[in-house]
Amino acid sequence: MFFGGPEERRSRYNRQLQPWSTVGAVPCMEQTAGSPTPARIGQYYQTPRPHPWRPTLGYENIEVRPLPSQPVTNAIVDPCYTPYGMSTEPLKFPNLVTGFERNPAHAARAALYTRYTPLEWTHTNLKNYNESDTNRNYSERLRGDFIRVMRETDEKTQGGQREAGRRLGERITDTTFWRNEARAELERLITENDLLQEARRSLQKSILDIEGPLHIAQECLYQRETRKGIELVHDQPEQALLKEVETYRNAQERLNALMNRTKSQLSNCRAAQHELETDVHSKESALGIDNMCHQLNNFSRGINYYGGIENYDPTVSTTTSWAENSNRIVQRSQAERGKSAQLRSDIESLINAVSAEVWDSWSNTNNALARRAAETLETKSKLQMHLHKVQQEIFEIEKYIELLRKAIQDKSAPMKVAHTRLETRTHRKDVELCRDMAQDRLVQEVRDLQDNIEYLHRKLQEAEAQHQQLLKTRTTLESDLYNKVNTLFIDREKCMGMRRSFPITATIKY
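Scoring rules and cut-offs
- Residues numbered from 1 in each chain as written.
- Predicted model: local features only at pLDDT ≥ 70, side-chain atom pairs only at ≥ 80, totals over all residues.
- Heavy atoms only, no water.
- Helix = DSSP H or I, 4+ residues; strand = E, 2+ residues; numbered from the N terminus.
- Buried < 20%, exposed > 50% of the residue type's maximum accessible area, 1.4 Å probe, protein only.
- Contact = heavy atoms within 4.5 Å.
- Polar contact = N/O pair within 3.5 Å; in protein donor to acceptor, adjacent residues only side chain to side chain.
- 1 Å grid on protein atoms, 1.4 Å probe; cavity = no way out; pocket = protein on both sides within 12 Å on 5 of 7 lines; lining within 4 Å.
- Points joined across faces, edges and corners; volume = space filled by probe spheres on them.
- Phe/Tyr/Trp six-rings, centres within 6.5 Å; stacked < 30°, edge-to-face > 60°.
- Lys NZ or Arg CZ within 6 Å of the ring centre and 35° of its normal.
- Axes fitted to C-alpha atoms, helices over the stretch in contact; angles between N-to-C directions.
- Parallel < 35°, antiparallel > 145°, perpendicular 65-115°, else oblique.
- Nonpolar A, V, L, I, M, F, W, Y, C, P; charged D, E, K, R; others polar.
- Salt bridge = Lys/Arg side-chain N within 4 Å of Asp/Glu carboxyl O.
- Patch = residues over 30% accessible without salt bridge, like charges linked within 9 Å, V, L, I, M, F, W, Y side chains within 5 Å.
- Areas by Shrake-Rupley, 256 points an atom, 1.4 Å probe, with all protein chains shown as cover.
- Expected span 1.5 Å × (residues − 1).
- Left-handed = near helix turned anticlockwise from the far one by under 90°.

Draft legend 1. The side chain of H467, seen in detail. In this fold, H467 is placed in helix α9 (residues 437–484). The class of H467 is buried, set by a relative accessible area of 11%. The residues touching H467, leaving out its near neighbours within four places in the chain, are I394, I397, E398 and I401.

Draft legend 2. Structural context of the side chain of N486. Examined against the element boundaries, N486 turns out to sit in helix α10 (residues 486–501). Side-chain polar atoms of N486 contact the backbone oxygen of T226, separated by 3.0 Å. N486 has contacts with T226, R227, K228 and L481, leaving out every residue within four places of it along the chain.

Draft legend 3. Examining the layout of surface pockets more closely. Considering only enclosed or pocket space, the second largest pocket measures out at about 520 Å³ in volume. Taken together, 18 residues form the lining of the second largest pocket, with R171, P314, T315, V316 and S317 sitting closest to its centre. Looking at the lining of the second largest pocket, the elements with two or more residues in it are α4 (118–224), α5 (236–295) and α6 (319–373). No other element matches the five residues that α5 contributes to the lining of the second largest pocket.

Draft legend 4. Main features of the packing of aromatic side chains. Applying the stated criterion across every chain yields a total of one aromatic pair. Sitting over the ring of W322, R171 keeps its end group 4.1 Å from the ring centre. Taking NZ or CZ as reference, R499 lies 4.0 Å from the ring centre of W362, over its face.

Draft legend 5. Examining the packing of helix α7 (residues 377–410) against helix α8 (residues 412–425) more closely. It is the contact of α7 with α8, at a shortest axis distance of 4 Å, that shows an interaxial angle of 15°. Judged on the interaxial angle alone, α8 and α7 are roughly parallel. The residues of α8 that touch α7, namely those facing I408, Q409 and D410, are S412, A413 and P414. Broken down by class, the residue content of the contact of α7 with α8 amounts to three nonpolar, two polar and one charged.

Draft legend 6. Spatial organisation of the pattern of salt bridges. Summed over the entire model, instances satisfying the criterion amount to 30 salt bridges. Residues E152 and R148 are paired through a salt bridge, measuring 3.4 Å at the closest nitrogen-oxygen approach. One end of the pair is E152 and the other is R148, both in helix α4 and four residues apart, which spans about a single turn. Since its relative accessible area comes to 40%, E152 is described here as partly exposed. The exposure class of R148 is partly exposed, given its relative accessible area of 44%. The residue D235 makes a salt bridge to R372 at a minimum N-O spacing of 3.7 Å. Remark: R372 occurs in helix α6 and D235 occurs in the loop between α4 and α5; sequence separation between them is 137 residues. A single network of salt bridges, built from pairs that share partners, joins R224, R227, D235, E238, R372 and D491.

Draft legend 7. Up close: a nonpolar patch on the surface. A contiguous nonpolar surface patch, about 300 Å² in accessible area, is contributed by F146, I147 and M150. Tracing the chain through its elements places M150 in helix α4.

Draft legend 8. Focus on α9. Along its 48 residues, α9 runs 70 Å from first to last C-alpha, staying within 8% of the 70 Å computed at 1.5 Å per residue. Restricting attention to buried positions, one finds in α9 the residues Q439, L442, V443, V446, L449, I453, L456, L460, A463, H467, L470 and L481. Against the buried residues of α9 lie α7, α8 and α10.

Draft legend 9. Just the packing of α4 against α6, in detail. The geometry of α4 relative to α6 is characterised by a closest axis approach of 9 Å and an angle of 20° between their N-to-C directions. On the basis of their axis angle, the class for α4 and α6 is roughly parallel. Regarding α4 and α6, the two cross each other, and that crossing is left-handed. Looking at the contact of α4 with α6 residue by residue, the class counts come to 20 nonpolar, eight polar and eight charged.

The following block contains the structure:
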């Protein structure tokens, strides 16, 4: 017989509803890892947890240890979750014979001591009825209060949104006005800056144009110093080159002085332009932000909570200082535009005067060099003809050298295939390692490929040797040409070549 009160009997009857572990946790909310658990007799299964605040769901096989004289039953217990298609009752194994089946008297005695009395059943129902009535009455009073509070808060919220929207609209109007003023002045300043920049470019172009002819004249003097023997004569082209260098240096000094003034003015204009651009950009950014804020409503996308944002004050100016700053920037831009216009007039006058001087010096030197170069043209032409033929042959032999190298490289893949076949056939077992016709042919193929590669290497060596011989011949011809027509080469190819390639008519205004 069983001893104990109703609580003990209910405990024995509901033994399958006990928590999974001995820790005093609420069923269905206990973590499945890190806490003591009864001895497991099966595998534990855990469901995924997409939300960290939800309990872990799962089931496990545990061993139910009954009181003495009770049968041992293995069941799958799921105290907090029932998978789809499964019952909440313990899953008993069909092959096990329980103690109730063996002892009917024991089953009847357990059923008698695990029932509630009719009085307890009635009291429980009455308790539930009273609790339901009390909760419903209190809920009705709360619902009326909820409606009143919601209406009041909705009215305050809508009024606050309308007032904030009106203030945002006023701010957008003020910002748009000053943005337009700054943008209009910025366009005028940009136009003036472009004109001054164009004048500076013209001034810089004139300086660079003088630098080019000056460098060419100095290079011509240096090249003519390499003449040999009697060719080192102080002739007319050399006199013209010395005078040209002096003219260019004087012109550069005057242009550089004006360039320094232009750079200073451009720096001031760029500073004013930067202030205007920064101001316009800031106002456009503010307009974009305010317009977005003005268009936001309760159904807009991207709205979110930002805790404590109402206590953060990033402002750095007031409405008065903001307007004064925009006005100061506009006035500075107007002053810089006036200075720029006067400077542009000075630049144009100086460029025209310098251009005429440069053109005259350039033309005189070109005429002197052309007369000097015409004396030895015929001999130079014959040597160049032979040099050209040798150069063409060098190009052809280099092309065939590359073809030979490619032919040698193309034999690499067949050689790898033959080697791989031979190595693979060595893995045959026992008597299958036969020296058959295939083996002989593979060995012969490797030897043929080696012979071909060796033959191609010999031809490549011959081609490279001939290539070196052609290079030696070309060097000899070039040395002969240099020794015989050194003066012609300097005057016609180096000096006149540099001067002809320089677009003096397109760069110098005259």
